[in-house]
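# Descriptive analysis of the structure
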Amino acid sequence: MRTNMIKFIVKRLLIAIPTLLVIIAFGFIMMRVAPGGPFTSERALPPEIERNIQEAYNLNKPIWEQFYIYIKNLSVGDFGPSFKYKDFTVNELILSGLPVSVTLGLSSIIISLFIGCFLGIVAAIKRNTYFDYSVMSISLIGICIPSFVMAPLLSLFFGLYLGLLPTSGWNGGNVLNLILPITALSLPQIAVISRMMRASTIEVLNSNFIRTARSKGLSPSYIVRKHVIRASILPIIEYLAPASAGLMTGSIIVEQIFGLPGIGRYFVVGALQRDYTLVSGVMILYASLLIALILVTDILRALLDPRVKL
Amino acid sequence: MQLTQKNINNSNLLLKVNNLSVFFNTPEGNIQVVKDANFSLNKGECLGVVGESGSGKTQTFFSITGLLSSNGYCKGSAIFKGFDLITSSEEEKRRYLGKSIGFIFQDPMTSLTPHMKIGKQLSEIAIFHEKLSSKLAMERSLEVLDIVKMPKSRDLINSYPHELSGGMKQRIMIAISLMCRPELIIADEPTTALDVTTQSEILSIFNDLKSNMNIGIILISHNIGVIAETSDNVAVMKNGLIVENGSTFNVLTNPKDEYTKHLLSCIPPWLEK
Amino acid sequence: MFGIRKYDNKMVNKGASIVKGRSLWIDARRRLFQNKAAVTALFLLIVISLLSIFGPFFLQHNFSDTDWGSIYQSPNLQTGHYLGTDGNGRDLLVRILYGGRLSLSIGLIATLVSVFIGVIYGTIAGYFGGKLDIFMMRVVEILYAMPYLIFVIILMVVFGRNIYFLFLAIGAVEWLTMARIVRGQTISLKEKEFIETSKALGQSDLLIIIKHIIPNLAGPIVVYITLMVPSVIILESFLSFLGLGVQEPLTSWGVLISEGSREMEAAWWLLIFPGLFMVITLASLNFIGDGLRDAIDPKEY
């Protein structure tokens, strides 16, 4: 089992390399063809940035060598100098934003998984009761209100109208400052997860092996804990990667609205100001994160479902 | 019917079902799938229930054991050792289910929890009903695996259902029903999904249970051959009604009801003996 | 097996796909119209679409007319600014309806683009199978690992904020799921008897795909369209919210919500009303999608 697992991880990482290469190549080509990009001549840059870029990419060398150097730098985690922020490398910018984004993202995913699964299971067990109906209608509303509507509404209501919570700023990661952004990020995911969990739990509850468990005279709570959840949570595991992608994009909006200095904020600023090195750096970071998450998903699925072989 | 009368004051009586009706609420209205069923079963006897699919055989016994789907309900009484299974609460019923009453389902392939080891699926019953330690419960599991003639039971308890064949899974299902030394086993089409060799092996296990362990067995099947091989009495069901009820020998050699005659005429002549 | 008869081509079609298909659709329509939520949603969606298309012709204000005399007016029936005005004195209702035209048409067109790509890609991969399938699905997998929204943002940055490009960029990233669904369905359809029969009759692959596979995919495709249009509308609004989508003086719901969220302290209606229109539309589409799915593939939940 353990050697299988290691083999599987190594294999998947090897498969991930071409994927990442495609994404990196895309970033590189973008920088070359984009108007005002670092490799085009009609740019008007401060001389020190120009010099940095010249050094970083060896512009006097052939294209393939430049690409090779770019990848070589990336492989040691060097994303190169920022195109717009003087005196900053992309690494420095990303590192300064990372704690904010990771805090937001991790807490949101944990909260949405926990609450979403719980609501879904209870709604499935009590299906066609008022609890079920209310959870499902509220979650439908949650799905239909996108984060960029929900976030301003939350800050309007709890921040400005009730004056309970701060509406912007990081404040060194103060919990009060995090409540609204995390809520705005989690609500749509809670909605989706609870609906998925409800559907899959109902399917499991109707399955033959649950009928067997009931014929054993086991208590309902035991059946749910030992027989139902591990089977019904599988679709949620599958959803982990898309959910995280959703959180990444959601965090772009939420960081913008609540004025949090995270990676998403840098990404938007970079995109609006055409800071190509920063944008492609963030893109590569996000892509690597997603690839890692898909790997984690596959491992989790194999751990939960003995029928899946790694 | 005569047989039922005779059984009333019998101390050997295990299960007595009176005027049992089963209904379903559907979008098309209320449907009755079992109509006033009456039958009984003694210890160490086998009652065969035969009928075509959709005749209500399975729902009769789902209703007794509380396994009806949520839109179903039932009326009447089913007295198991002086305890009415129909009017009792879920909780009371659970004290009998899995302990004194074992249920074996039609489709062994999907009837075991896919993510739980066989040993756990067996031992959890004894842990739950008899408060055994997991070690003792595991030993009990090995014992019942011996009864159903499963070889290499020590390896088996650490395997998952998908690693087993259909015949093996059905033996596991029988083992599950035997975990707490039941007095009644209800087997719903236990051999339908299996090939003929496995089928006869499973039926011989049932014969052993009946004669060696004095367990009452209800065998639901659409296959008259299977019923003839194992049952002492037989009930023939059609459209939710028990059309004929009596000793297997009488019913099969001298059928009274048209439908039973028809059923028997469907058996190819070379199988009649 | 024993007496191989020469089946008439038309008979095969009738027996296998057309007759079955038609009764399926009639059944599905009956079930859909019994679903009150879906019917209400359909009604709301039609009302919003009609309002967006024809509404502006009947209103006295133009979507880009600035009126410095009536800045930040709250909703008022007398002045004809039924939903109030924005910071430039423009009528909010007209702008919402214009934004609706844009958001709805982007939703529809980008979805059709992606369905077109996805169906062709998925049927080819699923039907021919083998190495081609492995390769094609490998490509899809690679693209899946791309954070697609970021991909779209980058495309918008590099190639400028052209609205036609927006249609294309969104369509180009949304086809992946469609391709996956279609491939899966095609693989299972391929095993069905009526496809085998057509093959045995010597029909060409192209003909089989067009006449037998694609019509039988209609169910999942229709369901997917109704669920994809809202996600495209959200995507467009998202980009516009960040200032990367539709540009002034054009407007979309995303642009209006973005403006509204910046000015919500002064004028709540600028956030609430565009948000309301959008949420109702998204909810309706979701309800219709759910209704269609239940109607086409009824399961008891």
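Residues numbered from 1 in each chain as written. Chains lettered and ligands numbered in written order. Predicted model: local features only at pLDDT ≥ 70, side-chain atom pairs only at ≥ 80, totals over all residues.

Each partner contributes to the interface: chain C provides 29 residues, whereas chain A provides 33 residues. Ranked by the residues each element gives to the side of chain C that touches chain A, the list is headed by helix H10 (residues 269-296) of chain C, at seven residues. (Contact = placed C-beta atoms within 7 Å. Helix = DSSP H or I, 4+ residues; strand = E, 2+ residues; numbered from the N terminus.)

With that settled, consider the nonpolar core. Ranked by internal contacts, the top residues of the largest apolar core, which has 222 residues, are Val282 of chain A, Ile218 of chain B together with Ile153 of chain C. Broken down by element, the residue count for this core peaks at 15 residues, all from helix H7 (residues 175-205) of chain A. Both domain 1 (13-100 + 181-271) and domain 2 (111-179) of chain B contribute no fewer than three residues apiece to this core. Apart from residues no more than four positions distant in its own chain, isoleucine 153 of chain C is found in contact with Ala271 of chain A together with Leu239 and Leu244 of chain C. (Core = buried A, V, L, I, M, F, W, Y, C linked by C-beta atoms within 7 Å. Buried ≥ 20, exposed ≤ 12 C-beta atoms within 10 Å, placed from the backbone. Domains from an automatic or database assignment.)

Residues and elements named next belong to chain B. As judged from the eight bridges shared by strand S1 (residues 13-26) and strand S4 (residues 72-80), these two strands associate in the antiparallel manner. Counted as the bridge partner of phenylalanine 24 is glycine 72 from S4. As paired elements, S4 and strand S5 (residues 83-84) share two bridges and run antiparallel to each other. Residue pairing for S5: phenylalanine 80 is matched across the bridge by phenylalanine 83. In sequence, S4 turns back onto S5 through a hairpin of two residues, with lysine 81 there showing a positive phi of about 50 degrees. (Pairing = 2+ DSSP bridges.)

Every contact between the two is made by 20 residues of chain A and, on the other side, 24 residues of chain B. A total of seven residues in the side of chain A that touches chain B trace back to one element, the largest contributor, which is helix H8 (residues 208-215) of chain A.

Note on interface size: it is often stated as the accessible area lost on association of the parts. Residue and element names in this part refer to chain B. You can read the domains of chain B as domain 1 (13-100 + 181-271) and domain 2 (111-179). If you average the C-alpha positions of domain 1 and of domain 2, the two centres end up 25 Å apart. Contact residues are listed per partner, giving ten residues for domain 1 and ten residues for domain 2. It is helix H8 (residues 196-213) that contributes the most residues to the side of domain 1 that touches domain 2, three residues altogether. Per-class residue counts for the side of domain 1 that touches domain 2 are seven nonpolar, two polar and one charged. (Nonpolar A, V, L, I, M, F, W, Y, C, P; charged D, E, K, R; others polar.)

This brings us to the environment of leucine 140 of chain A. Counting through the fold element by element, leucine 140 of chain A comes out in helix H5 (residues 130-144). Judged by the 18 C-beta atoms lying within 10 Å of it, leucine 140 of chain A falls in the partly exposed class. On a C-alpha basis, the gap between leucine 140 of chain A and glutamate 255 of chain A in space is 24 Å, while along the polypeptide they are 115 residues apart. The residues contacting leucine 140 of chain A, other than those within four sequence positions of it, are Ala283 and Asn286 of chain C.

To continue, consider the packing of helix H4 (residues 90-125) of chain A against helix H12 (residues 276-304) of chain A. Packed helices, taken two at a time, are described by their axes: the angle between them and the distance between them. Residues and elements named next belong to chain A. As a packed pair, H4 and H12 sit with axes 10 Å apart at the nearest point and diverge in direction by 55 degrees. For the element pair H4 / H12, the angle class is oblique. The handedness of the crossing between H4 and H12 comes out as right-handed. Contacts between H4 and H12 involve Val90, Leu93 and Ile94 from the first element and Thr277, Leu278, Gly281, Val282 and Leu285 from the second. Within the contact of H4 with H12, the residues separate by chemical class into six nonpolar, two polar and no charged. (Axes fitted to C-alpha atoms, helices over the stretch in contact; angles between N-to-C directions. Parallel < 35°, antiparallel > 145°, perpendicular 65-115°, else oblique. Left-handed = near helix turned anticlockwise from the far one by under 90°.)

For the rest of this paragraph, the subject is the pairing of strand S7 (residues 184-188) of chain B. All names here are of chain B. Of all five residues that make up S7, five are buried, and the element is covered over most of its length. Along S7, one buried face is formed by Leu184, Ile186 and Asp188 and the opposite face, lined by Ile185 and Ala187, is buried too. Both strand S6 (residues 101-104) and S7 contribute to a ladder of four bridges, which runs parallel. Looking across to S7, one finds that isoleucine 104 is bridged to alanine 187. In the sheet, S7 pairs with strand S8 (residues 216-221) via five bridges, with the strands oriented parallel. Bridge pairing links alanine 187 to leucine 219 in S8. This β-α-β element, S7 to H8 to S8, shows right-handed connectivity. (Right-handed = clockwise from strand over helix to strand, strands pointing away.)

Residue and element names in this part refer to chain B. Pairing within the open sheet is mixed, and its six strands lie in the order S6-S7-S8-S3-S9-S10. Of all strands in the sheet, those bounded by a partner on one side alone are S6 and strand S10 (241-247). When the angles between neighbouring strand axes are averaged without regard to direction, this sheet yields 15 degrees. In this structure, strand S9 (residues 233-238) lies alongside S10, joined through six bridges in antiparallel fashion. Each bridged residue has a counterpart across the sheet, and for methionine 237 the counterpart in S10 is isoleucine 242. Here helix H7 (residues 166-178) sits on the sheet and contacts S6 and S7; the angle it forms with S6, its principal contact strand, is near 165 degrees. Of the strands in this sheet, strand S3 (46-50), S7 and S8 are in contact with H8, which crosses S8 at around 155 degrees.

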